[in-house]
Amino acid sequence: MATTSVNAIAQFQSLPRQDENSKIAHQQLLDKAGKGRIDVYFLGDSITRRWGCSDRAYSDLYENWRSHFHGWNAANFGWGGDTTRNVLWRVQNGELDGVNPKVIVLQAGTNDIGGAAYDAMKGQAKADEVVAGIEAILATCQEKAPRAAILLTGVFPRGDNPTANPVISAINDRLAHLAKEHDIRFININNQLADSEGRPHDGMTVDGLHLSVTGYDLWAAALKPHLTGILGAPDDEDLAPPPTGDPSAAN
């Protein structure tokens, strides 16, 4: 497998979350990384996290997760609010150490974009930032888990911030080229989630950003042929560690 440049890591500064809730969540994810068997490692922000967490508020999404991935030993390492700098810090600081998954599914970047309006110049700078961040995460994943196949998911469209959608389109075009250069599989379902201007179709999100069960079904449908090709059919038994949740919700 071709690898991304180590310069990608050196040139992009990671950043830890400073709030106490995120610190606790990081410790929980470190603990999860050392348990069970993890063949499929999902990494990302709240869009990833909500799909496979233990929070009661997202129990329907966890049932959807299990319906798609049970038997493939999939574990969720998403954390809400993370930018690419935050995701990079987590994988640099233990959450992937010793896991050795067969597949890594990465989804990140939307929190770098946020809800701000973009003109062309700001949009280009933001696209540069997101692509650099994702490239650094990919390089770290390949360094920590060199035998893993990586499924890079494109940044999802934003109905809550329509001015960001041209930026997102530019980012995804560049990510597609990056993935091709480095033997990474690129997954982009935005043409199924949204119209040509990036406005999500009815029922695809719950708030213009986070996916609904229908949206997750589409993402799963794009991932599962790759998982089957790499891992074979799912087993009846699943050995992945139990899901974690939001510490503040548990309290």
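Caption draft 1: The arrangement of helix α2 (residues 20-33) in detail. A rise of 1.5 Å per residue sets the reference length of α2, with its 14 residues, at 20 Å; its end C-alpha atoms lie 20 Å apart and thus fit the reference within 8%. The complete set of buried residues in α2 reads Ser22, Ala25, His26, Leu29, Lys32 and Ala33. Looking straight down α2, one finds that the buried residues subtend no more than 120° of arc, so they occupy a single side. Packing partners of the buried residues in α2 comprise β2 (74-78), α5 (84-92) and α11 (247-250).

Caption draft 2: Seen up close, unusual backbone geometry. The backbone of Asn100 sits at a positive phi, close to 50°, despite the residue not being glycine. Its location among the elements puts Asn100 in the loop between α5 and β3 (103-107). What makes Asn100 partly exposed here is its relative accessible area of 43%.

Caption draft 3: Structural context of the pairing of strand β1 (residues 40-44). Burial of β1 is extensive: five of the five residues sit out of reach of the surface. Side chains of β1 alternate between two faces, with Val40, Phe42 and Gly44 and Tyr41 and Leu43 buried alike. Note: β1 against β2, five bridges, orientation parallel. Across the sheet, residue Gly44 finds its bridge partner in β2, namely Gly78.

Caption draft 4: Quick peek at the packing of aromatic side chains. Within this structure, the stated rule accounts for 11 aromatic pairs. Here the aromatic rings of Phe42 and Trp51 are separated by 6.0 Å at their centres, their planes lie at 85°, and the arrangement is edge-to-face. Each member of the pair, Phe42 as well as Trp51, is classed as buried. Cluster of aromatic residues (ring-pair linked, three or more members): Phe42, Trp51, Trp65, Phe69, Phe156, Tyr216 and Trp219.

Calculation rules
Residues numbered from 1 in each chain as written. Predicted model: local features only at pLDDT ≥ 70, side-chain atom pairs only at ≥ 80, totals over all residues. Heavy atoms only, no water. Helix = DSSP H or I, 4+ residues; strand = E, 2+ residues; numbered from the N terminus. Expected span 1.5 Å × (residues − 1). Buried < 20%, exposed > 50% of the residue type's maximum accessible area, 1.4 Å probe, protein only. Arc of directions from axis to C-beta. Contact = heavy atoms within 4.5 Å. Pairing = 2+ DSSP bridges. Phe/Tyr/Trp six-rings, centres within 6.5 Å; stacked < 30°, edge-to-face > 60°.

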